[in-house]
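# Survey of secondary and tertiary structure
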Amino acid sequence: MGSVTLNTSTEPRPAAGPTPEGREVHSRVVGGAIGLLSAAVAVGVGHLTAGLVGGTSSPVIAVGSTAIDASPEWLKSYAIRTFGTNDKAVLVGGIGLVVAIVAIVVGVIALQRPRVGVIALVALGALGAAAAIGRPESGIGGAVPSILATVAGLGTFSRLRHAAGLATPVSAGETGGRLPPSFDRRRFLLAGTGAAGLAAVSGLAGRFLLRRAEAGASRAAVRIPAPADVAPLPPAGADLHIPDVGPFITPNDRFYRVDTALLVPSVTAEGWTLRVHGMVRNELSLDYPTLLSRPLIERDLTLTCVSNPVGGRYIGNARWIGAPLADLLREAGVSSGADQIVSRSVDGFTVGTPTAVVMDGRDAMLAVAMNGEPLPLEHGFPVRMIVPGLYGYVSATKWLVDIELTTFGAYDAYWVRRGWAQQAPIKTESRIDTPKQSATVVAGRVTVAGIAWAQHRGISRVEVSVDGAWQPARLAAQDTIDTWRQWVFVWDATPGDHTLAVRATDDTGATQTAAPADPAPNGATGDHTISVTVAG
Ligand SMILES: Nc1nc2c(c(=O)[nH]1)N[C@H]1C(S)=C(S)[C@@H](COP(=O)(O)O)O[C@H]1N2
Ligand SMILES: [Mo]
């Protein structure tokens, strides 16, 4: 205790300790930090609250939007000319800089006159509240984030003053703006770090929520045009309607999700563009309305993850609408030798797909809709790629923003760099969905059922083995060769412990590989096998 210096310089000082001038400088640093941190926490909490309640009521955004509306036309066009698409970032940055400078100055003044700090924080909140209420899209509730921001700012202000020993018992007013003898550097740094952390976390969380809300609003406003090439409804017999076997079309909220995104990327349809470049004769760039104006196709396609273990759940079947990818590539004019299409997500994730596969006539598409709605945010809104017959990591780029024609020799995509195969067609597989592993069933007629898939080859046969004896299962009607197929086998179960297994054969006549293999590097193999007990 009693140490009063924040000075980290190595300059020699009088042995008697810091001079009054020295203290003066340090007290300004502390005052400025208190001001800056209080404002930062206010802004962060305002942002987070706005993110949680939704809408455009974040104090910073409300003030920024008001500034845009109020600024004259020449200034707006100047900003757009000068900063391009960064004009809004520059504006928000500018507001932030002004707030920061004012906050530091006020913080220094507040050392002696704490009331000035309080008044400044309340004024900042009032400005945010007034701007938020004034926005056409928000009502009186728009003031809530600004009010909470002010409360948080005032709380931080008082907390940090306390930590600096400014609140009691000798007030800074009495020490002439200098730090009191009780100033504890460690204690203040700790409290300051806490405030900085709170400001950063709340600000970032708020930004994430606000962007997600923006993407959600964009999605809600999207209207997908009727496809030029409509898919017939799946045949009635494609769905056997067996309990515990999922529906033939997987609802969006039950569709598996696999990606590297810690936080779902938020992309708006308005802000979306796709660049097609690399080994092409004509580089293309298209925005969302342009993509929607292309002739769209509608297809049922079953998507599968290479990481799906035998018997796993990383597979789903949906009805997609999208623009054929091959047509777009023909317009771009793919150079000969460009054997790989590298597609990139907005978050940097990459996928490498064989050009020849995309161009071979199958329904590879830039998908915009899934089961009758715009792509859900977590499934890649606004645009993703789908290529029937290939595992997701080599075909199904979500939040797609970039397509580059290149070669397999020149580039390894995200998972290839991590040891997975460069090319990965989906392997013929099958799964028992009912009964479950280790289930006890009643002797007599037991329904054994599940799904089988061999996308773009089609399933021609499924067999079930009871304790090693293979017997044919009944197949549901086929929708297309790009979709999974349900199957059922009615088993006359006798009391005791039994082992059930399933295997599928595709339309090329090949039966799935019986030898068990792990998902890495190009997809699991093995017959899905379960043990059940039949009660007498
Ligand atoms: N941007 C991006 N797209 C991606 C991935 C990813 O991690 N990031 N994962 C891929 C993988 S491995 C699979 S299996 C599918 C899964 O798509 P889904 O989450 O819509 O089911 O997305 C593919 N597209
Ligand atoms: Mo995957």
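Residues numbered from 1 in each chain as written. Chains lettered and ligands numbered in written order. Predicted model: local features only at pLDDT ≥ 70, side-chain atom pairs only at ≥ 80, totals over all residues. Heavy atoms only, no water.

Let's shift gears to the overall build of the protein. What the protein contains, in helices and strands, is 10 helices and 19 strands. The globule rule puts the C-alpha radius of gyration for 536 residues at 24 Å, and the 32 Å found for the protein is more than 25% above it. Taking the principal axes of the C-alpha coordinates as reference, the protein spans close to 95 × 65 × 50 Å. Relative to its 536 residues, the protein shows a buried fraction of 49%. Summarising the internal contacts of the protein: among those between residues at least 6 apart in sequence, 75% fall at separations of at least 24. (Helix = DSSP H or I, 4+ residues; strand = E, 2+ residues; numbered from the N terminus. Rg over C-alpha atoms; globule rule 2.2 N^0.38 Å. Buried < 20%, exposed > 50% of the residue type's maximum accessible area, 1.4 Å probe, protein only. Contact = heavy atoms within 4.5 Å.)

Taken in spatial order, the five strands of this open sheet run β12-β19-β18-β14-β15, and their pairing is mixed. The open sheet has two edge strands, β12 (440-442) and β15 (469-472), and neither has a second partner. Direction aside, the axes of adjacent strands within the sheet are offset by 35 degrees on average. When strand β14 (residues 459-466) meets strand β18 (residues 496-506), the two strands line up antiparallel, connected through seven bridges. Of the residues in β18, the one forming a bridge with E463 is R503. (Pairing = 2+ DSSP bridges. Axes fitted to C-alpha atoms, helices over the stretch in contact; angles between N-to-C directions.)

Before going further, it helps to examine helix α7 (residues 185-221). In this model α7 runs 53 Å from its N-terminal to its C-terminal C-alpha over 37 residues, within 8% of the 54 Å that 1.5 Å per residue would give. Every buried residue of α7 is accounted for by F188, A191, G192, A195, A199, S202, G203, G206, L209, L210, A215 and S218. The N-cap of α7, judged by a side-chain oxygen 3.1 Å from the amide nitrogen of R186 a few residues on, is D184. (Expected span 1.5 Å × (residues − 1). Polar contact = N/O pair within 3.5 Å; in protein donor to acceptor, adjacent residues only side chain to side chain.)

Moving on to the site of ligand 1. Around ligand 1, the structure places 19 residues, and the nearest of them are Y256, T260, H379, R384 and K398. Here an oxygen atom of ligand 1 sits 2.7 Å away from a polar atom, N or O, in the main chain of Y256. Expressed as a share of its isolated accessible area of 530 Å², the protein-covered part of ligand 1 is 99%. Of the residues belonging to the shell around ligand 1, the class tally is nine nonpolar, five polar and five charged. (Near = heavy atom within 4 Å. Areas by Shrake-Rupley, 256 points an atom, 1.4 Å probe, with all protein chains shown as cover. Nonpolar A, V, L, I, M, F, W, Y, C, P; charged D, E, K, R; others polar.)

Attention now goes to the sheet that holds strand β16 (residues 474-475). Read across the open sheet, the four strands follow the order β11-β13-β17-β16; overall the sheet is antiparallel. Pairing within the sheet leaves two strands with one partner each, and these edge strands are β11 (429-434) and β16. As defined by bridge partners, β11 adjoins strand β13 (residues 444-453) across five bridges and the pair is classed as antiparallel. If you follow S430 over to β13, its bridge partner there is A452.

Before going further, it helps to spend a moment on the packing of aromatic side chains. Considering all chains together, one arrives at eight aromatic pairs under this definition. Seen from their ring centres, F183 and F188 are 5.8 Å apart, and the 50 degrees between their planes marks the pair as tilted. As far as the burial class goes, F183 and F188 line up, both buried. Of note, R418 hangs over the ring of Y414, and the distance from its end group to the ring centre comes to 3.6 Å. (Phe/Tyr/Trp six-rings, centres within 6.5 Å; stacked < 30°, edge-to-face > 60°. Lys NZ or Arg CZ within 6 Å of the ring centre and 35° of its normal.)

Note that D433 resides in strand β11. Reaching out from D433, the side chain makes a polar contact with the side chain of R431 at a distance of 2.6 Å. Here D433 is in contact with D244, V245, G246, R313, A449, G450 and I451, once residues within four sequence places are set aside.

Time to look at the pattern of salt bridges. This structure, assessed with the given rule, holds 20 salt bridges. R319 is paired through a salt bridge with D300; the nearest N and O atoms lie 2.7 Å apart. With R319 in strand β4 (residues 315-324) and D300 in strand β3 (residues 297-304), this residue pair connects regions lying 19 residues apart in the sequence. Residue classification places R319 among the buried positions, given a relative accessible area of 13%. D300 gets classed as buried once you look at its relative accessible area, which sits at 4%. For D327, the salt bridge goes to R330, with nearest N and O atoms at 2.8 Å. Placement of the pair is D327 and R330 together in helix α9 (residues 325-332), with a separation of three residues, close to one helical turn. On the basis of relative accessibility, which here comes to 33%, the residue D327 falls in the partly exposed class. Accessibility expressed as a relative area gives 51% for R330, which makes it exposed. Through salt bridges that share partners, R275, E283, R344, D402 and E404 make up one connected network. (Salt bridge = Lys/Arg side-chain N within 4 Å of Asp/Glu carboxyl O.)

All quantities given are derived from atomic positions and should not be read as evidence of function.
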